[in-house]
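Take a look at the letters that make up each chain.
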Amino acid sequence: MERFGLIGRKLGHSFSPDIHSMVGGYEYKLYPLEPEELALFLRDTELDGINVTIPYKKDVIPMCRELSPRAKTIGSVNTMLRMTDGSWFGDNTDYYGFVYLLGRDAETLKDKKALVLGSGGASQTVCAVFRELGVSHTVISRTGENNYGNLSLHSDAEIIVNTTPVGMYPNNGESPVNLGRFPRCRLVIDLIYNPTKTALLLQAEELGITARNGLAMLAAQGVKAGELFLGKKSNENLTEEIIECIRRKTESIVLIGMPGCGKTTVAQYLSEITGRKAVDTDMLIYEQTGIRIPEIFSRYGEKHFRELETEALREVSKESGLIIAAGGGVVTVPENRALIRQNSICVFLDSDPSRLDVTDRPISQTKGIKKLLEERMPLYRSWSDRIYKNENSHETAIKIKEDMKL
Ligand code: NAP
């Protein structure tokens, strides 16, 4: 069996093994390397081909005896093939990945004005594609002539592409620019794919701007690399199948709903039948503070509890593939909405008010269920992507699993 792999410095969260297992028919492993190990690794490895990621896409160029015209123009290599004489051939499949990500939009972008944030390897790839499509583009670099201090010169930008790592896991929530400064912007692309929606993409959604993440590019460049490794074309639906598979695997489910509606129980059942980890934000707060929730309310008040809840949600909502049972009042803090949306499908468990369990539920007891329902029902509905009537937690969990193909 032929053997391939990925080299880079930090590879812990790479999706490449998943992608290449779906391309199929070969072994694919991760090889994290320190800079001083790179040359020796490329000389001695018995791999038949290699993918290259941050920070080595330029560094490997002198180690290739031949480059594809595309890799040469872009000045960056992400796929290397071992030639029969033992030397390396360097190619760039990120180019195809970005073209795939643009999809049909590519035909409509000619003469539009784009800003490309960042000037590294991915930026060079994006600029090469834009040059071929006739997109007028400016690179914004922290140290360049066009920088984040004079963005007002480009307030007429219609497309913004983020090629910086700003907002990437674990630094979720950071955004390289404020989109409010670009009133003509109609398309925002973030090459980041973890989280699913960066703060930049969430801003775009809020403003009604078309927003795309980098997952399609990642999948398409991987499929193209697999084709180069095997020397044959893959089936034409493979890229879409990979995108769907990674999306499903990485998306978390956040359960919201009235206190006592069964979120914790449904989360536990879902965890049992899907093998995904269940996390309960109330439980997390208890583990972190050592104080039970009713006591936090009585000793420190609701505001303090909400702050603890937002912090707990900030941490868990970054992670991928979880089942998260949120507190009933999570929807009373607007900031929590973006935290939920960044990586998750939000599911509202709607339960008959007469069935709500108010034991140990401080707000249900002080405010009363009727008032709480009035305040929160519109929020549960507007925050959720899906609504399930929860009459039997076990059946609800099975239905969610089946509907979402978890
Ligand atoms: P890179 O070569 O290190 O370039 C990143 C650039 O971002 C830097 O050159 C820098 O440009 C800018 N930058 C870095 N830190 C910054 C900060 N704190 N604030 C503002 N700007 C900063 O990395 P790359 O290979 O181009 O990758 C960049 C991003 O694209 C990563 O998040 C990577 O995961 C993603 N990517 C995705 C795909 C995909 O398939 N979806 C493919 C390739 C890359 P200046 O110094 O000019 O500001």
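Before reading on, note that the structure itself is shown above.
Residues numbered from 1 in each chain as written. Predicted model: local features only at pLDDT ≥ 70, side-chain atom pairs only at ≥ 80, totals over all residues. Heavy atoms only, no water.

Novice: Please set out the overall build of the protein residue by residue, giving values where relevant.
Specialist: Per the secondary structure count, the protein includes 16 helices and 16 strands. Computed over the C-alpha atoms, the radius of gyration of the protein is 24 Å, within 12% of the 22 Å expected from 2.2 N^0.38 for a compact globule of 406 residues. Each principal axis of the C-alpha atoms in the protein carries an extent, and together these give about 75 × 55 × 40 Å. Counting across all 406 residues of the protein, residues that qualify as buried make up 51%. Put simply, 69% of the contacts in the protein that link residues at least 6 apart link residues at least 24 apart. (Helix = DSSP H or I, 4+ residues; strand = E, 2+ residues; numbered from the N terminus. Rg over C-alpha atoms; globule rule 2.2 N^0.38 Å. Buried < 20%, exposed > 50% of the residue type's maximum accessible area, 1.4 Å probe, protein only. Contact = heavy atoms within 4.5 Å.)

Novice: I'd like a description of the state of the cysteines, backed by residues and values.
Specialist: Overall, the coordinates contain 0 disulfides when judged by the stated rule. Looking at the unpaired C185, the closest cysteine sulfur is the one in C127, lying at 16 Å. (Disulfide = S-S within 2.5 Å.)

Novice: How would you sum up helix α1 (residues 16–23)? Please name residues and give values.
Specialist: If you check which residues of α1 are buried, you get S16, I19, H20 and V23. Buried residues of α1, viewed axially, fall in a sector of 90°; they line one side. Buried residues along α1 sit in contact with β1 (3–8), β2 (27–32), β3 (49–52), α7 (215–230) and α8 (238–250). Of the residues flanking the end of α1, it is G24, one or two places downstream, whose phi is positive at about 85°. (Arc of directions from axis to C-beta.)

Novice: Outline the packing of aromatic side chains, listing residues and values.
Specialist: Summed over the entire model, instances satisfying the criterion amount to 9 aromatic pairs. Look at F4 and Y26: their rings are 4.9 Å apart centre to centre, the planes differ by 80°, and that puts the pair in the edge-to-face class. Note that F4 is positioned in strand β1 and Y26 in the loop between α1 and β2, a separation of 22 residues in sequence. Pair check on accessibility: F4 and Y26 agree, each one buried. A centroid spacing of 5.7 Å and a plane angle of 70° characterise the contact between F98 and F130, whose relative ring orientation is edge-to-face. Here F130 lies in helix α5 (residues 121–133) and F98 lies in helix α4 (residues 94–102), a separation of 32 residues in the sequence. The pair F98 / F130 is uniform in exposure class, with both members buried. Here the guanidinium or amino end of R292 rests over the ring plane of Y286, the centre of that ring lying 5.1 Å away. (Phe/Tyr/Trp six-rings, centres within 6.5 Å; stacked < 30°, edge-to-face > 60°. Lys NZ or Arg CZ within 6 Å of the ring centre and 35° of its normal.)

Novice: Go over the site of the ligand with me, naming the residues and quoting the values.
Specialist: Taken together, 20 residues are adjacent to the ligand, and S119, A122, S141, R142 and T163 come closest. Between an oxygen atom of the ligand and a main-chain N or O atom of G121, the distance comes to 3.1 Å. L218 is positioned with one of its backbone polar atoms (N or O) 3.2 Å from an oxygen atom of the ligand. Against a free-state accessible area of 900 Å², the protein chains account for coverage of 77% of the ligand. Listed by contribution, the elements that provide at least two residues to the shell around the ligand are α5 and α7. Grouping the amino acids of the shell around the ligand by side-chain chemistry returns 10 nonpolar, 8 polar and 2 charged. (Near = heavy atom within 4 Å. Polar contact = N/O pair within 3.5 Å; in protein donor to acceptor, adjacent residues only side chain to side chain. Areas by Shrake-Rupley, 256 points an atom, 1.4 Å probe, with all protein chains shown as cover. Nonpolar A, V, L, I, M, F, W, Y, C, P; charged D, E, K, R; others polar.)

Novice: Describe the pairing of strand β5 (residues 79–82), and please don't skip the residues or the numbers.
Specialist: When β3 meets β5, the two strands line up antiparallel, connected through 3 bridges. Note that in β5 the partner of G49 across the bridge is L81. One ladder, built from 4 bridges, connects β5 with strand β6 (residues 88–91); its direction is antiparallel. Its bridge partner being in β6, M80 is matched across the sheet by G90. Connecting β5 to the antiparallel partner β6 that follows it, the hairpin turn spans 5 residues, and G86 within it adopts a positive phi of roughly 90°. (Pairing = 2+ DSSP bridges.)

Novice: How would you explain the nonpolar core if you had to name every residue and give the values?
Specialist: Counting 44 residues, the largest nonpolar core has L255, I256, V347, L349 and I400 as its most contacted members. Apart from residues no more than four positions distant in its own chain, L255 is found in contact with K263, V266, A267, I323, I324, A325, A326, V347, L349 and I400. In this structure, Y95, I189, V223 and I243 belong to the second largest nonpolar core, which totals 41 residues. (Core = buried A, V, L, I, M, F, W, Y, C linked by side-chain atoms within 4.5 Å.)

Novice: So what's going on with the packing of α1 against α8? Which residues, and what values?
Specialist: Interhelical geometry of α1 versus α8 gives an angle of 140° and a closest axis separation of 10 Å. With respect to each other, α1 and α8 are oriented oblique. Of the two possible hands of crossing, α1 and α8 adopt the one that is right-handed. On the side of α1, the interface is formed by D18, I19, M22 and V23, while α8 contributes L238, E241, I242, C245, I246 and K249. Within the contact of α1 with α8, the residues separate by chemical class into 7 nonpolar, no polar and 3 charged. (Axes fitted to C-alpha atoms, helices over the stretch in contact; angles between N-to-C directions. Parallel < 35°, antiparallel > 145°, perpendicular 65-115°, else oblique. Left-handed = near helix turned anticlockwise from the far one by under 90°.)

Novice: Summarise the pattern of salt bridges; cite the residues concerned and give the values.
Specialist: Per the counting criterion, the structure on display carries 30 salt bridges. For R299, the salt bridge goes to E295, with nearest N and O atoms at 2.7 Å. One end of the pair is R299 and the other is E295, both in helix α11 (residues 293–300) and 4 residues apart, which spans about a single turn. A residue is classified by how much of its surface remains accessible, and R299, at 48% relative accessible area, is partly exposed. The class of E295 is partly exposed, set by a relative accessible area of 34%. (Salt bridge = Lys/Arg side-chain N within 4 Å of Asp/Glu carboxyl O.)

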